Amino acid sequence: KAGVTQTPRYLIKTRGQQVTLSCSPISGHRSVSWYQQTPGQGLQFLFEYFSETQRNKGNFPGRFSGRQFSNSRSEMNVSTLELGDSALYLCASSSGTGVVGYTFGSGTRLTVV
Amino acid sequence: GESVGLHLPTLSVQEGDNSIINCAYSNSASDYFIWYKQESGKGPQFIIDIRSNMDKRQGQRVTVLLNKTVKHLSLQIAATQPGDSAVYFCAENIPNFNKFYFGSGTKLNVKP
């Protein structure tokens, strides 16, 4: 079955702009989690959505937001981009019931200039 | 957040040797652990997991050991191959937190 699909793979934005990233989870998975990966901070949890509701949130400013649609696809949005937002943004899906591991997508590489 | 750390940031091994990657975790309540492998340009890939009611679990060429007494996790890779070269992360899950805390990663270099 298809894996986790993230689009776009690469993105270059200017400081102050906003960006929307998309994630399609594995078919049947209802939970989508987003992580930011940087060389300095490693993998940091942004938020998790389950059945269209945000179930958990990390320690990121309000400029980072997300949503999930009825088909479990998820988007995350970053407004007023800063240079420090340059990172690999990873989406991970799981069934969402019980504690199980994630399946990650290949990520979206965001560069803010 | 909770701290999940790795003892060695970079590990170089000869092809065919066994590799051991270590991880320390700080929360004694963590009940589920996963090792992920991340190759350049790709997302992390699930390797093996272990729950806190176990102290050892084996997969194909990989073994995870869990020592709850000292809050230590290790990943053993047998007969390391060039394709094993990647960054390896441990991740822990604390009950009632619907997220994983990831370590900073260890880079494994396999020399031919």
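All values reported here derive from a predicted model rather than from experimental measurement.

**A closer look at the nonpolar core**
Grouped together as the largest cluster of nonpolar side chains are 21 residues, with contacts concentrated most on W34, L46, F64, M76 and Y89 of chain A. Elements supplying a minimum of two residues to this core: β3 (19–24), β4 (31–38), β5 (42–50), β8 (74–78), β9 (87–94) and β11 (108–112) of chain A. The residues touching M76 of chain A, leaving out its near neighbours within four places in the chain, are V19, T20, L21, W34, L46, F47, F64, S65, G66 and Y89 of chain A. With 20 residues, the next largest nonpolar core counts I21, W35, V62 and C90 of chain B among its residues.

**Structural notes on the sheet that holds strand β1 (residues 5–7) of chain A**
Residues and elements named next belong to chain A. Strands sit in the order β1-β3-β8-β7 across an open sheet of 4 strands; the sheet is antiparallel. Pairing within the sheet leaves two strands with one partner each, and these edge strands are β1 and β7 (64–68). Direction aside, neighbouring strands of the sheet carry axes that sit 20 degrees apart on average.

**Section: the pairing of strand β4 (residues 32–38) of chain B**
Residues and elements named next belong to chain B. Judged by how many residues are buried, β4 sits mostly within the fold: 7 of 7 residues are covered. As defined by bridge partners, β4 adjoins strand β5 (residues 45–51) across 6 bridges and the pair is classed as antiparallel. Bridge assignment links I34 to a residue of β5, and that residue is D49. Counted along the chain from β4 to the antiparallel partner β5, the turn is 6 residues long, and its residue G41 has a positive phi close to 80 degrees. Of the pairings in the sheet, the one linking β4 to strand β9 (residues 86–93) comprises 7 bridges and is antiparallel in character.

Cut-offs used in this document
- Residues numbered from 1 in each chain as written.
- Chains lettered and ligands numbered in written order.
- Predicted model: local features only at pLDDT ≥ 70, side-chain atom pairs only at ≥ 80, totals over all residues.
- Heavy atoms only, no water.
- Core = buried A, V, L, I, M, F, W, Y, C linked by side-chain atoms within 4.5 Å.
- Buried < 20%, exposed > 50% of the residue type's maximum accessible area, 1.4 Å probe, protein only.
- Helix = DSSP H or I, 4+ residues; strand = E, 2+ residues; numbered from the N terminus.
- Contact = heavy atoms within 4.5 Å.
- Pairing = 2+ DSSP bridges.
- Axes fitted to C-alpha atoms, helices over the stretch in contact; angles between N-to-C directions.

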